[in-house]
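Structure assessment
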Amino acid sequence: MAFPVDLRRCQVLGLAGTACLALGGETAGALPVADILHPASARAALGLVGVYFGVVLLIAAWLLLGRLVRGPRPPAPRALLLVLAVWAAPLLIAPPLFSRDVYSYLAQGAMVEAHMDVYAHGPSRLGGPLADEVAPLWRHTGAPYGPVFLAVAAALSGLTRGELPAGLLGMRLVALAGVTLMAAALPRLARHSGADPSAALWLGALNPLVLLHLVAGAHNDAVMLGLLGIGLVAALGRWPVLGAVLVTLAALVKAPAALGLAAVVVLQIRAGRSPVQALVPTTLAAAATTVAVTAVAGTGYGWIGALNTPASPQNWALTTLLGRATRALLEHLGSGLAPLAVPAWHALGILTAVTAIVLIWLRLRPRPVYALGLSLAAVAALGPAIRPWYALWGLFLIAAAAPSTSVRHRTAAVTGVLALCVLPSGGPADTGQLGLAVSGGALAVVVLWQARQAELAPAPGSAA
C-alpha cells in the first residue's frame, strides 16, 4: 500500500515545518545582539532542536509535493503558488535565520543615506547600535553589492529611520518581492524550454533553500534572481531591450547575474535577429542602465573594486578547502610558498569556471536558459566563497529548463543536503550545537515515520 499524498497534506506538513522554524528561531536564530542567548542555555538548546525539527518537516513536505507534481494529476501552478504563500507566512514574522547578512544590509543602507562611501568603509564607520549588529568579520569590510540594492537599502533606511524591527521586516518584504518575481517567471521560462511549469515551480520556488535563506534569511539574492527571471521573460517576448535593462538591474544587485546578458543576446538571435542586431542594443541598454542607476544611487563605481571582498574564514568553497589543505602541507614542509596556496587555488577556480562557462555555451547555445543556469552553478561552485543560498543562482534556472527528470532529482538531492548545512544563528557549530541539530532532525524523522505507520495500519475491525 502506497503512502497517500495529497496537496492539503503537503500544505499542512510544510506549514508545521516553517512554524517550528519561526518558533525555534525566537531563541536560536540570528537575533539582535541584545537578545542573543548563551548556546548552552535551555531556551537556546530547545530553539535549535525546534528549528531542525522544522527543517526536516519542511524538506519532507517538499519531497511529498514533488511526488504529487510527478503524479498523474499534478497540481496547477496557481495551486503551488498558494502552497508557497502558506509555507512562507510564518517566516515573515520570524527573526532572521541562518545568517546575519540582513544586519549588514541595513547598516550599508544607513551609510548610503548618510552619504558615506559604502565601498571604501565597513559599517564600523557608521557606528552606533546598527553597526554593532553586523557580524565582526564584515564590520570593517566594504559592501560587495551593486547600486540597485544599496539604493533600495538606503530608501528602506529612510523609511524606517534606523528602527531595527521595522528594518528587518522591510528587508524581508524586499526579499519576498524578489521571490514573487522568481515564481512569476518560472512557468513562462519552463514553457519556453519545453519543461513542465509545475515541476519548475516545485524545484525553483518551493525549494527549501528559497524559504530558509531567501525568505527567512532575507538575502538579496532573491532580488537578483527575481529581476534576472523577469528579464529573461521579457527577452523571450517582444521586449529584448527591456530584458537587457532588467538583467542589468539584477547584475547591479549582485554581479554574477551579468551572465544573463549572454542569454538575452542568444534569445534574440534565435528569434531571427543577426548577431550584430542582438549584441549592439543589448550592450547599449546595459551600459545606459548602469550609468543611469549609478548616478541616481549616488554610490559611484566602487562596487567594481568591491568584488574582491574577502571570503569568510568559515567559508567552505571547494577552492578554499583545497587551498587550506595545500597551505597546511607546504607549512609542514617548511616552504615559503604556503601563503600563496589559497590565492593560487582561487585563481585556478576562477579560470576553471571561465573555461566551463565557455564550454557550456558552445554546447548548449540552443538552450540559453539552461546554459545560463549551468554557468551560474559553475560560478557558485568554483568561486572563492560559497554559501547554501549561492546554489540558488543556478538552481533557479535549472529548475525552469532541466532537460530530464534525472537532472531534477540530482538537483533536489543537493538541495536536501544544503538545507541542513547552516545553524539558525548563522555562526559556526560546536559539538554541542551539532548534537542538538541532529537530535531535532532525528526527532522529526521519528514523528514522520510514526505518522506513516499510522496511515498504513488497517482500521480497527477491518479484514486482515
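I will try to describe carefully the structure that is included in this document. Worth saying up front: this structure is predicted, and the values here are computed from it rather than measured.

Basis of the calculations
Residues numbered from 1 in each chain as written. Predicted model: local features only at pLDDT ≥ 70, side-chain atom pairs only at ≥ 80, totals over all residues. Heavy atoms only, no water. Helix = DSSP H or I, 4+ residues; strand = E, 2+ residues; numbered from the N terminus. Rg over C-alpha atoms; globule rule 2.2 N^0.38 Å. Buried < 20%, exposed > 50% of the residue type's maximum accessible area, 1.4 Å probe, protein only. Contact = heavy atoms within 4.5 Å. Areas by Shrake-Rupley, 256 points an atom, 1.4 Å probe, with all protein chains shown as cover. Lys, Arg positive; Asp, Glu negative; His and termini not counted. Charge placed at Lys NZ, Arg CZ, Asp CG, Glu CD. Core = buried A, V, L, I, M, F, W, Y, C linked by side-chain atoms within 4.5 Å. Patch = residues over 30% accessible without salt bridge, like charges linked within 9 Å, V, L, I, M, F, W, Y side chains within 5 Å. Salt bridge = Lys/Arg side-chain N within 4 Å of Asp/Glu carboxyl O. Phe/Tyr/Trp six-rings, centres within 6.5 Å; stacked < 30°, edge-to-face > 60°. Disulfide = S-S within 2.5 Å. 1 Å grid on protein atoms, 1.4 Å probe; cavity = no way out; pocket = protein on both sides within 12 Å on 5 of 7 lines; lining within 4 Å. Points joined across faces, edges and corners; volume = space filled by probe spheres on them. Nonpolar A, V, L, I, M, F, W, Y, C, P; charged D, E, K, R; others polar.

Here we look at the overall build of the protein
For the protein, the count of helices and strands is 20 helices and zero strands. Radius of gyration (C-alpha) of the protein: 23 Å, near the 23 Å computed for a compact globule of 464 residues. Taken over 464 residues, the protein has a buried fraction of 52%. Long-range contacts, defined as pairs at least 24 residues apart, comprise 74% of the intrachain contacts of the protein with a sequence gap of at least 6. If you sum the accessible surface of the protein, you get close to 20,400 Å²; carbon and sulfur atoms cover 69% of it. With 27 positive and 14 negative side-chain charges, the protein shows a spacing of 16 Å between the two charge centroids.

Details of the nonpolar core
Core analysis: the biggest nonpolar cluster contains 134 residues, and L65, W87, L206, L228, L232 and L397 have the highest contact counts within it. When residues of this core are assigned to their parent elements, the largest contribution, 16 residues, is made by helix α2 (residues 42-69). Beyond its immediate stretch of four places on either side in the chain, L65 contacts L7, C10, L80, V83, W87, W202 and L206.

What about a nonpolar patch on the surface?
Together, I350, V354, V358, L359 and L362 give the surface a local cluster of nonpolar side chains, amounting to about 490 Å² of exposed area. Within the fold, L359 resides in helix α16 (residues 341-364). Judged by relative accessible area, which is 53%, L359 ranks as exposed.

Considering the packing of aromatic side chains
Counting across every chain of the model gives six aromatic pairs. Ring centres of Y105 and Y145 lie 5.5 Å apart, and the angle between their planes is 80°; this geometry places the pair in the edge-to-face category. Note that Y105 is positioned in helix α4 (residues 101-113) and Y145 in the loop between α5 (128-132) and α6 (147-160), a separation of 40 residues in sequence. On the numbers, 4.9 Å between centres and 75° between planes, the contact of Y105 with F149 is edge-to-face. Highlighted residues: Y105 in helix α4 and F149 in helix α6, separated in sequence by 44 residues. Here the two residues Y105 and F149 agree in accessibility, since each one is buried. Of the aromatic side chains, those joined through ring pairs into one cluster are Y105, Y145 and F149.

Quick look at the pattern of salt bridges
Under the criterion given, the structure shown has three salt bridges. Across the salt bridge formed by R100 and E133, the nearest N and O atoms sit 3.3 Å from each other. One end of the pair, R100, is in the loop between α3 (77-92) and α4; the other, E133, is in the loop between α5 and α6, and 33 residues separate them in sequence.

Describing the environment of I357
Assignment of secondary structure puts I357 in helix α16. Accessibility expressed as a relative area gives 14% for I357, which makes it buried. On a C-alpha basis, the gap between I357 and A377 in space is 9.7 Å, while along the polypeptide they are 20 residues apart. Apart from residues no more than four positions distant in its own chain, I357 is found in contact with L259, S375 and V379.

What to know about the environment of A89
Along the polypeptide, A89 turns up in helix α3. Through-space distance from the C-alpha of A89 to that of A22 is 9.8 Å; in sequence the pair is 67 residues apart.

Some thoughts on the state of the cysteines
Simply put, the disulfide is a covalent bond whose two ends are the sulfur atoms of two cysteines. This structure, assessed with the given rule, holds zero disulfides. C20 provides the cysteine sulfur closest to C10, a residue in no disulfide bond, and the two sulfurs are 17 Å apart.

Some details on empty space enclosed by the protein
Evaluation of the coordinates by the stated rule reveals two cavities of 30 Å³ or more. Taken as a whole, the largest cavity encloses approximately 60 Å³ of empty space. Lining the largest cavity we find L106, A110, L130, S157, T160, G162, E163, L164 and G167. Contributing elements (two or more residues each) for the lining of the largest cavity: α4, α6 and α7 (164-192). Across the lining of the largest cavity, the residue classes tally to four nonpolar, four polar and one charged. Here the second largest cavity defines a volume of roughly 30 Å³. Around the second largest cavity sit P96, V102, L168, R172, A216, G217 and A218, which together line it.

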